Amino acid sequence: MSVSAQRLLEELQIFDVDCEEALTEKLVELCILYGQNEEGMVAELIAFCTRTGKVCLTSETLNCFEHECLSKKLSRVPRDGGHAGARDIVSIQELIEVEEEEESLLNSYTTPSKGSQKRAITTPETPLTKRTVSTWSPHQLLSPSSFSPSATPSQKYNSRNNRGEVVTSFGSTQGVSWSGRGGAGNISLKVLGGPESLTGSYKSMFQKLPDIRDVLTCKIEELGSELKEHYKIEAFTPVLVPAQEPVTLLGQIGCDTNGKLNSKSVILEGDREHSSGAQIPVNLSELKEYSLFPGQVVVMEGLNTTGRRFIATKVYEGVPLPFYQPTKEDGDFEQHVVLVACGPYTTSDSITYDPLLDLIATINRDQPDVCILFGPFLDAKHEQVENCLLTSPFEDIFKQCLRTIIEGTRSSGSHLVFVPSVRDVHREPVYPQPPFSYSDLPRDDRKRVQFVSEPCSLSVNGVIFGLTSTDLLFHMGAEEISSASGTSDRLSRILKHILTQRSYYPLYPPQEDMAIDYENFYTYAQLPVTPDVFIIPSELKYFVKDVLGCVCVNPGRLTKGQVGGTFGRLFLRRQQAAGGEGRRSPCTAVQVVRI
């Protein structure tokens, strides 16, 4: 149906009501959405304002009017299929397309003058002219008012004055062009398994305690074998056997109580082969430097004269995996620009997804070759989610969000990689997380959109990205204890632990809100190689660090409470190592930028 903005204004003038252009556009959308003409819509609106005592016409008034009057009226009418909110946004676009096709068909049977005249009858107040363009606006695709009665924009977010500010840099950023080629050229995205990759859902949490013990024992034995070979250790000694000479023990760090680990509560849980899983308290007083956390597999040297307490004198450094060696199948490339961003994509005081729409605009402007987007896309910790204020199923809102990203960035041509999060409210909060399933993905977008698991090792033309949306830095930072003679960087220590423990989540026991399925964890959450780039978003402050040759990036989150957050962009260029120089990282420059 055709709705005139001018006619709406005239009807409102009858009741002496002034209306801004943005509100007029909203009224036009409501007329189309709920099948009302101009006169009927204004009559219902005036009746609603009189009944509720609302004097001024504001966006909040319209949202309440839609939620309390129009949507309830619509719910009484039987409709086929699923929820109205998510589908109506689609139906508007379909109606517009059908109307365009009818116009073009009529034009073919009329003279050009009549056809052109018909197309030219538009006014600045008519919002439908904005929708008749061939490219779809992300604002059209995502309508928060369809799933939230209080979808008002965040004032703090919209009033920010530091948009686009570069807050930290790494490498040689001078002269770097952060505009990509929009996915043009040879881009090969491949998931590396460790030993295999997670591609579908699984029955989670059906695990027995002996199975968990087997997984932890295998981890101790595998890392112990690597350390034994690397440091040329002759043999490990059982933890409970007394000896007057220095001994070398293999085991896993634990805590002797249910509280937080400290220097007096450290125990070493021996492996099954040498110690039958026995435990022994550890005295750290003779160690000048150490960094330990629960679940860490270590080789310690020291004295165990009684078999009841071990005095550690040395802790062997962990050994990282080798880097990946690119093959011909990975393809060659001159340079790539990769954008990384992590949810939440809404501020804590609003559900309007304005930060996400700003990110889509940035992607369309810079056209990065690859965009890696981490969940949560609909955050389980959002106030409106926790208080059950949303009117649509979580799954529908997520799909609407996903569709907005995919179709909103189609013009850029950028490849999209979606990484789930245990905080995505529409999914089971189990770790590791299987990839998103999205059956409505258009065929034209299947080549440029990829859904991966959490965690995941992704090859971008042979450059390996370690990806995890879990805040491992925060979890391990709360449990790690250390002692150092000089200044020591805590974040670098934790990152080094992750790489040398060869696991995306080496902490055991895990944080209380982490539900880990250990059988699948052993299969899908291990590092197959040391990544060239490790993306590890966290609530902690953004940073970029080179740790053991791996460029580790915390891009921050796209929103921080009620204000805007940050995202990261990386410049990749494969460099040939000069004679005797050794390996050179393919990640030559990184910036963290405010949204």
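Refer to the structure above for everything that follows.
How each quantity is defined
- Residues numbered from 1 in each chain as written.
- Predicted model: local features only at pLDDT ≥ 70, side-chain atom pairs only at ≥ 80, totals over all residues.
- Heavy atoms only, no water.
- Core = buried A, V, L, I, M, F, W, Y, C linked by side-chain atoms within 4.5 Å.
- Buried < 20%, exposed > 50% of the residue type's maximum accessible area, 1.4 Å probe, protein only.
- Helix = DSSP H or I, 4+ residues; strand = E, 2+ residues; numbered from the N terminus.
- Contact = heavy atoms within 4.5 Å.
- Pairing = 2+ DSSP bridges.
- Axes fitted to C-alpha atoms, helices over the stretch in contact; angles between N-to-C directions.
- Phe/Tyr/Trp six-rings, centres within 6.5 Å; stacked < 30°, edge-to-face > 60°.
- Lys NZ or Arg CZ within 6 Å of the ring centre and 35° of its normal.

Core analysis: the biggest nonpolar cluster contains 36 residues, and Tyr353, Leu359, Leu373, Phe377, Ile405 and Phe418 have the highest contact counts within it. At the level of elements, strand S9 (336–342), helix H12 (354–366), strand S10 (370–374), helix H14 (394–408), strand S11 (415–419) and strand S13 (449–451) are the ones that each hand at least two residues to this core. Per-element tally for this core: the top contributor is H14, with six residues. Ignoring any residue separated from it by four or fewer positions in sequence, one finds isoleucine 405 in contact with Leu356, Ile360, Leu373, Phe377, Leu416 and Phe418. Val340, Val370, Phe374 and Tyr542 belong to the second-largest nonpolar core, a separate cluster that totals 30 residues.

Another point: the sheet that holds S11. Across the sheet, which stays open at both edges, the seven strands sit in the order S1-S24-S23-S9-S10-S11-S13 with mixed pairing between neighbours. The outermost strands of the open sheet, each flanked by one partner alone, are strand S1 (166–171) and S13. If you compare each strand with its neighbour and ignore which way they point, the axes differ by 15 degrees on average. Direction of pairing for S9 relative to strand S23 (residues 566–572): antiparallel, over a ladder of five bridges. Residue valine 338 lies in a different strand from S23, and its bridge partner there is leucine 570. Strands S9, S10 and S23 of the sheet are contacted by H12, whose axis makes an angle of about 180 degrees with S9. Running at roughly 160 degrees to S11, H14 makes contact with S10, S11 and S13 of the sheet.

Right, let's talk about the packing of aromatic side chains for a bit. Tallied over the full model, the rule gives 14 aromatic pairs. With a centroid separation of 5.8 Å and 55 degrees between ring planes, the pair formed by tyrosine 431 and tyrosine 505 is classed as tilted. Here tyrosine 431 is found in strand S12 (residues 430–431), whereas its partner tyrosine 505 is found in the loop between helix H16 (490–501) and strand S17 (515–516), with 74 residues between them in sequence. Neither tyrosine 431 nor tyrosine 505 differs from the other in exposure class; each is buried. For the ring pair tyrosine 431 and phenylalanine 521, a centre distance of 6.4 Å and an interplane angle of 40 degrees mean the geometry is tilted. Residue tyrosine 431 is located in strand S12, and its partner phenylalanine 521 is located in helix H17 (residues 518–524); the two are separated by 90 residues in the primary sequence. Both residues of the pair, tyrosine 431 and phenylalanine 521, belong to the buried class. An aromatic cluster of at least three residues, connected via ring pairs, comprises Tyr345, Phe377, Phe398, Phe418, Phe436 and Phe451. One cation-aromatic arrangement involves lysine 545 over phenylalanine 543; the distance from NZ or CZ to the ring centre is 5.7 Å.

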